[in-house]
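Okay, here's what each chain looks like letter by letter:
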Amino acid sequence: MELGWSYPKRRELIDKLKASVTVGQHTYAINFQNQRQHFPIFKVEIGMPRYRLSNGRTLAAQEEYYTKHGLPEDFFERDVELEEVHKVQHEILKTMLRSTGIDLIDFFNQNEQEEPLILDNNGFVVNGNRRLCAMREIHQKDLNEGKQAPRFTHVEVIILPACSEDDILELEGRLQIAQDIKADYSWTTEGCMYRSLRDKKNYSIERIARIYDKSKEYIEELILLLTYVDEYLESRKIPKQYNKIQDDKFAFEAIVKGRKKIDDEDKKDIFQIISFSVLDKDPRELGVGRLHGFIPKIAENIDTIIDRAQQEFPTEDLVDLDDDDLDGGLLGESDFEEDLINLVQTLDKEENRENVVEIVKDVIDAEEDRKQRYTVIQKIQRANSLLQDAVNMFDENTEVEGIEAQLDSIESHISELREKL
């Protein structure tokens, strides 16, 4: 399968195509560089375009790939013409052909190309990478089966003029992200894209927010969320495997919010480690509906949980610490008390995570029981207060119809409560 012509060959064709535009040639309109422009549509061989390796949709999958295979972080960036890299990119795109609820292979098996691919001035696909991947798969299948007239020998494209990277990103934002962020981009993919622009291209948060028409706070919060996601995945020895936590966004948001509510830095990190252990569990095992509803209760009861954990794990099981641990802390630059440093390390041991969750569950269940009992007293006190008000308000003008029935009901409830005491 041909995954893009060489750069000189692409450039030669692009120059010829642009020079051959005729009056009345079909065009395709897009908003580009702050104005609506009509670009002529060309047909090119399906093997001609190169995938755009900095495609926002594939950044998270790229991170997972080079991490899993022990490759350098610039594997997808150091040579954008490298055939080996484009083979990997094609395989990544193949995994995404069914990611939006529409199977692109099925779609193109039944339909022709409806919209042109958008190429930059060097023949890289700015918009339509997945569609190109699907059409290439169908074309190759037809070739393998020896069909006389294989489909998608050529594809329709438009070619952008020479432009800046910001122009490309803004176009990507309008055509892919802004239209339907939930369908086209997972939250981890979106976060990886923003983080990559910040860290690898040195874009400011303000610049990223402007390009993608998002608030500065939204960008910052999503990148921060990824920080905790990466810490969790690394602690479970599955770094960058974002597919493992796609359904846990709200849980990670609860972790971020929970840390903010805890003032003590030691306790923040203990809360985080405990929450990570809870993330390992199926909510049904904990007897809760959603983890993001359970995790805030950990923050609310962190002092009691710490006390119970210190009782459950014997002192002799705790780790030895050197002066460096005490000077700088284990999870940051703040000073930790020795017993809490020990607790942090103990709770984070894989063999202790199951017990940690049981401790947390016991503490929260006990607190829920206490609240329920206290709520009963509160309701009885409230009922008593209301009855006293009724007595004080009763006079010869009071409407008495229905009061007898209500008093009978109240006396019945009182009898039931007495039986439960």
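Scroll up to find the structure.
Per-chain numbering applies: the sequence of each chain, read as written, is numbered from 1 onward. For this predicted model, a pLDDT threshold of at least 70 governs which residues receive local features, and a threshold of 80 or more governs which side-chain atom pairs are given and counted, while totals over whole chains, interfaces and linings are taken from all residues. For side-chain calculations, the full set of non-hydrogen atoms in the structure is used, while hydrogens and water are omitted.

Among all residues except glycine, the phi angle is most often negative; among peptide bonds, the trans geometry is most common. One non-glycine residue with positive phi stands out, namely Asn202, at about 60°. Helix numbers and strand numbers start at the N terminus; a helix is a DSSP run of H or I with at least 4 residues, a strand a run of E with at least 2. Its place among the elements puts Asn202 in the loop between helix H8 (187-200) and helix H9 (205-212). Categorising residues by exposure relies on relative accessible area from a 1.4 Å probe, with only protein chains included: less than 20% of the type maximum marks a residue as buried, more than 50% marks it as exposed, and the intermediate range marks it as partly exposed. Using a relative accessible area of 64% as the deciding quantity, one classes Asn202 as exposed. With phi around 65°, Lys240 is a residue other than glycine that occupies positive phi space. With respect to the helices and strands, Lys240 occurs in the loop between helix H10 (216-235) and helix H11 (249-261). With a relative accessible area of 15%, Lys240 lands in the buried category.

Structurally, Thr188 can be placed in helix H8. The contact criterion used is simple: two residues touch if any of their non-hydrogen atoms lie within 4.5 Å. Not counting chain neighbours up to four residues away, the residues in contact with Thr188 comprise Ala60, Leu226, Tyr242, Ile245 and Gln246. Polar contacts involving the side chain of Thr188 include one to the side chain of Gln246, which spans 2.6 Å. By the criterion applied in these results, polar contacts are pairs of N or O atoms within 3.5 Å in which, for protein atoms, one can donate a hydrogen and the other can accept it, and in which residues neighboring in sequence qualify only through two side-chain atoms.

Its place among the elements puts Glu73 in the loop between helix H2 (59-68) and helix H3 (83-94). As for Glu73 and Gln62, which are separated by 11 residues in sequence, their C-alpha atoms are 9.2 Å apart. Setting aside residues no more than four positions away along its own chain, Glu73 makes contact with Tyr66 and Lys200.

Now for the pattern of salt bridges. The rule for a salt bridge is simple: a side-chain nitrogen of Lys or Arg has to be within 4 Å of a carboxyl oxygen of Asp or Glu. Under the criterion given, the structure shown has 31 salt bridges. Linking Asp15 and Arg11 is a salt bridge whose minimum nitrogen-to-oxygen distance equals 2.5 Å. Placement of the pair is Asp15 and Arg11 together in helix H1 (residues 7-19), with a separation of 4 residues, close to one helical turn. According to the relative accessible area criterion, Asp15 is partly exposed, its value standing at 40%. For the salt bridge of Glu63 with Lys240, the shortest nitrogen-to-oxygen distance reads 3.0 Å. With Glu63 in helix H2 and Lys240 in the loop between H10 and H11, this pair connects stretches of sequence that are 177 residues apart.

Look at H2 against H8: their axes get within 7 Å of each other, and the N-to-C directions meet at 80°. When the axes of H2 and H8 are compared, the pair comes out roughly perpendicular. The segment H2 lies against H8, with Leu59, Ala60, Glu63 and Tyr66 engaging Thr188, Thr189, Cys192, Met193, Arg195, Ser196 and Lys200. Of the residues assigned to the contact of H2 with H8, the class counts are 5 nonpolar, 3 polar and 3 charged. Axes here mean lines fitted to C-alpha atoms, for a helix over just the part in contact, with angles spanning 0 to 180 degrees between N-to-C directions. The labels follow the angle: roughly parallel below 35 degrees, roughly antiparallel above 145, roughly perpendicular from 65 to 115, and oblique for the rest. Residue classes follow a fixed rule: Ala, Val, Leu, Ile, Met, Phe, Trp, Tyr, Cys and Pro count as nonpolar, while Asp, Glu, Lys and Arg count as charged, and any other residue, Gly among them, counts as polar.

On to helix H12 (residues 265-279), then. Since one α-helical turn is 3.6 residues long, residues separated by three or four positions face the same way. Helix span, expected: 1.5 Å multiplied by one less than the number of residues in the helix. The terminal C-alpha atoms of H12, which comprises 15 residues, lie 21 Å apart, in line with the 21 Å expected from a rise of 1.5 Å per residue. For H12, the buried fraction is high: 13 of the 15 residues fall into the buried class. Its side-chain oxygen 2.9 Å from the backbone nitrogen of Asp266, Asp264 forms the N-cap of H12.

Turning next to the packing of aromatic side chains. Two rings belonging to Phe, Tyr or Trp (six-membered ring only in the last case) form a pair when the distance between their centres is within 6.5 Å. Interplanar angles under 30 degrees mark stacking, angles over 60 mark edge-to-face geometry, and anything in between is tilted. Per the stated rule, a full pass over the model turns up 9 aromatic pairs. Here the aromatic rings of Phe32 and Phe39 are separated by 6.3 Å at their centres, their planes lie at 70°, and the arrangement is edge-to-face. Phe32 gets classed as buried once you look at its relative accessible area, which sits at 0%. The class for Phe39 is buried, based on a relative accessible area of 7%. Both rings, one in Tyr232 and one in Phe252, keep their centres 5.8 Å apart while their planes meet at 70°; by these two values the pair is edge-to-face. Here Tyr232 is found in helix H10, whereas its partner Phe252 is found in helix H11, with 20 residues between them in sequence. You can call Tyr232 buried: its relative accessible area is 8%. The rings of Tyr65, Phe75 and Phe76 are connected pair by pair, giving a single aromatic cluster.

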